[in-house]
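Read off the chains here:
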Amino acid sequence: MKRIYLLFLWFLCVSFLCCCSGSSNAPPKATSYAQTIAAVKAFIESQMIEKKIVGLSIALVDAQREDLGNVVWRQGFGMADKEKEKKTSAETLYSIGSVGKAMTGVALLKLKDEGKIDLDMPASTYIPDFSLQIRYPGIDQNDRITIRNLLSMHGGVPGDLYNGQIIITPPWYNRYMAWVLAYLRTDYPSHPPGALGSYSNMGFVVAGHAAYLAGRSEADTDFQGFLKRSLLDPLGMDESRFTVLGEDIPQLAVPYEKGSPQIPFNFNVPATGGLFSSVTDMTKFLLMLLKDGVSESGTRYLQAETVREMGHMNRTALDTSSFIQYGLGLDSASLPAFYGVAPDQGAYGRAWGKTGSTGAYNAMIMLLPNTNLKLGVVVLSNSDTAGSAVAAIARRCLQEAVKEKLGLSQYPEPKPLPDFSDEAITDADEIKGLYGTTSPIAYFRIETRDGSLFWATQPFYNPNEGKILTLKPDGSNAFSVEGEDWDLVFVDRTDIYGTEYRLMIRVGGEHETMGPNVVATRGQKIRPLDPLPEKWQQRIDKMYVSDQMIGTFAFFDPYVTFPYKDGLLLAKSPETLRVIYPQNDDLAFIGDTMSRGDGAITVSYQDGNERLHAQVCEYFPPDLIEEYTLGEQSSFQIELRGDLPLSIWRKITVTPESPFAGQKVRFVVDPGHDTDLYNLFHENLKAADMEIGKQGAAFTLQAGVYYLAVNLAVDATGTADLDSEIVPQ
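Peer 1: I'd like a rundown of the pairing of strand 23 (residues 543-546), residues and numbers included.
Peer 2: Pairing of strand 23 with strand 24 (residues 559-561) involves 3 bridges; the strand directions are antiparallel. Paired with V545 across the strands is Y559, a residue of strand 24. As paired elements, strand 23 and strand 31 (residues 617-620) share 2 bridges and run antiparallel to each other. Bridged to V545 within strand 31 is F620.

So this is what it looks like as structure tokens:
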């Protein structure tokens, strides 16, 4: 009886919305949202205590609330700068990370309205220098990498090529783009274009560059200038900016990792995540979308049908996620938590979300652009611990706002779980095997243990860590997961090219970022590789160091090794672990449907030595690193590749008898630059210490073997000297 009552109540709510949609664009009475604000304040305060969040700002908008103002609420919580005891506010600036992708999407939609870009044309139409090596012959691979596919994460372009993206210099956009496009021409796609949505930062870099080349004016010298002129200025987002490092910006929030202050970096990739903004500026962007393309000043910026196109999805059979439902610049064009209050979700998925993170900074926007809702929220934080909290807070805020605006007695109902029973595979022998998954886990193993089906959740690191899977007796053909409130199903799916995949899919439960009733692919079945090509066998467990680390890349992938386990060859760096698939002695493709890294590792030879190409750099064996004698001056020629300097690697041996043992030793390159980055590694190439600046770096050295890598300023050329001395105590 209770279920029938709830269904009846839901029907009345939807009927009410549909009637309003046909009669009026505004509710009869403006909502104060006092209950919403009180409830969300309490939730924010609890989240900040629970997750030790330093600072956070929020803004809620209602595009229909003209009499009381469209900006319902904006407020800061906590500290923008603990050391200076500076509180956050609505004007505090944060890095918004990938939320900037929504702005890149809007910039391209604006060019579409102006007739300057066709979203369904190949990216190479607008970027003649863009192409990838052919991994998928017979499908017009590069022509299928369209602007639309790039915006909806279906382009297949390698996702996370971080080298040179996060920098400690002012941005050098055009040099970066020339460098990275040259690399992509030698690289391979990660996935067949159009086959599945796979998060791709580099795909957005390419899309943004197409926008810049197609839409720039004579005054635009880079994408940053183009976006400021074409989007930020027209919307009145006057405080938003792309550069912060080394500048005096009183309203900038200090980023915190584990409660400790960090440096706020600059970015060479403004199209995918380089903007700093405030919740006040972001409300102007949200309101333009909620008002169907009309800016806060009343000027039409986008056509109404173009705004709706932003939420159009291109979901394929491999796109199973309930939350990740890509629109054009959106992570989710149909937020499942608001299924019951948006009658037109099926048409455009008009319940939108975009999340962003640059480590210590985290951001979230959510919008309900349905005619009778027109609500939006933005949450920004300066804490690494707020990654899931910004999404949970944004969702709670909109749930409370919907409930108060529509007079509901409960939150909107989430989208119900799909029924996989007809396609789910239940035979244990068919299910058992290896499943590729996301880095840094890389793969799962499902096997039989003690008569039960056992899911080894981290077989590379701990083969005994896992969960028992039990077939449920309810006819769902799903497996319950030991200790979890969600299930797994195993299904076969075919992509648009006819390629078959076996997927393991999570069904049910709640996730702080994705919300309730979660559906998400966890892995794709893969096969052991046997035999390996001879040269890849020789590379097993060998280490290779990067010869060109730009900006902060040394934090991610200063080296790579190739472990072999469970019949799989893997590429391992300090931050990543991925399955790779050798094609011949000198080419290996990376990953599966769950991969968002590079597309391939290729090998060339220089003076008889191997050079591995990946992540927009080359790697070489560490036994080629020159030995450096402490206390001596060593001269060297700065080598360039792609107009950028290679890193300077030196091996240092400190014997127990050395006068340098146990001492703080200063290393300095002359001539020096403010953005020289010194990295010290132990013999096993684990990071030991790091310093930045033309004054060099002082490291305490105990007896042992070290590697010093100096990443020189990007404009360094000519010859230089490396010196070292004991720092006087």
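Peer 1: Pulling in residues and values, what's your account of the side chain of N268?
Peer 2: Its location among the elements puts N268 in the loop between strand 8 (266-267) and helix 8 (270-273). Judged by relative accessible area, N268 falls into the buried class, the value being 0%. There is a polar contact of 3.0 Å between the side chain of N268 and the backbone oxygen of G164. Within the structure, N268 has its side chain in polar contact with the backbone nitrogen of W172 (distance 2.9 Å).

Peer 1: Which residues make up the environment of S260, and what values go with them?
Peer 2: Along the chain, the position of S260 falls in strand 7 (residues 260-261). Relative accessible area serves as the criterion here: at 36%, S260 is assigned to the partly exposed category. S260 sits 100 residues away from A360 along the chain, and the two C-alpha atoms are 9.9 Å apart.

Peer 1: Quick one: what's the story with the side chain of S658, residue by residue and with numbers?
Peer 2: Relative to the assigned elements, S658 resides in the loop between strand 36 (648-654) and strand 37 (663-670). At a separation of 3.1 Å, a polar atom in the side chain of S658 contacts the main-chain amide nitrogen of F660.

Peer 1: Describe the packing of aromatic side chains, and please don't skip the residues or the numbers.
Peer 2: For the structure on display, the rule yields 21 aromatic pairs. Geometrically, the ring pair formed by Y188 and F589 is edge-to-face, given 5.2 Å between the ring centres and 65° between the ring planes. Linking Y188 in the loop between helix 5 (173-184) and helix 6 (201-215) with F589 in strand 28 (residues 587-590), this pair joins segments that are 401 residues apart in sequence. A relative accessible area of 12% means that Y188 is categorised as buried. Each ring, one from F444 and one from W455, has its centre 5.2 Å from the other, and the planes form 90°; the classification is edge-to-face. Taken as a pair, F444 in strand 14 (residues 443-449) and W455 in strand 15 (residues 452-456) lie far apart in primary sequence, 11 residues in all. Across the pair, W455 and F444 agree in class, each one buried. Feature note: the residues Y173, Y212, F223 and F226 constitute an aromatic cluster, connected by ring pairs. Here the guanidinium or amino end of R216 rests over the ring plane of Y212, the centre of that ring lying 5.2 Å away.

The rules behind the values
- Residues numbered from 1 in each chain as written.
- Predicted model: local features only at pLDDT ≥ 70, side-chain atom pairs only at ≥ 80, totals over all residues.
- Heavy atoms only, no water.
- Pairing = 2+ DSSP bridges.
- Helix = DSSP H or I, 4+ residues; strand = E, 2+ residues; numbered from the N terminus.
- Buried < 20%, exposed > 50% of the residue type's maximum accessible area, 1.4 Å probe, protein only.
- Polar contact = N/O pair within 3.5 Å; in protein donor to acceptor, adjacent residues only side chain to side chain.
- Phe/Tyr/Trp six-rings, centres within 6.5 Å; stacked < 30°, edge-to-face > 60°.
- Lys NZ or Arg CZ within 6 Å of the ring centre and 35° of its normal.

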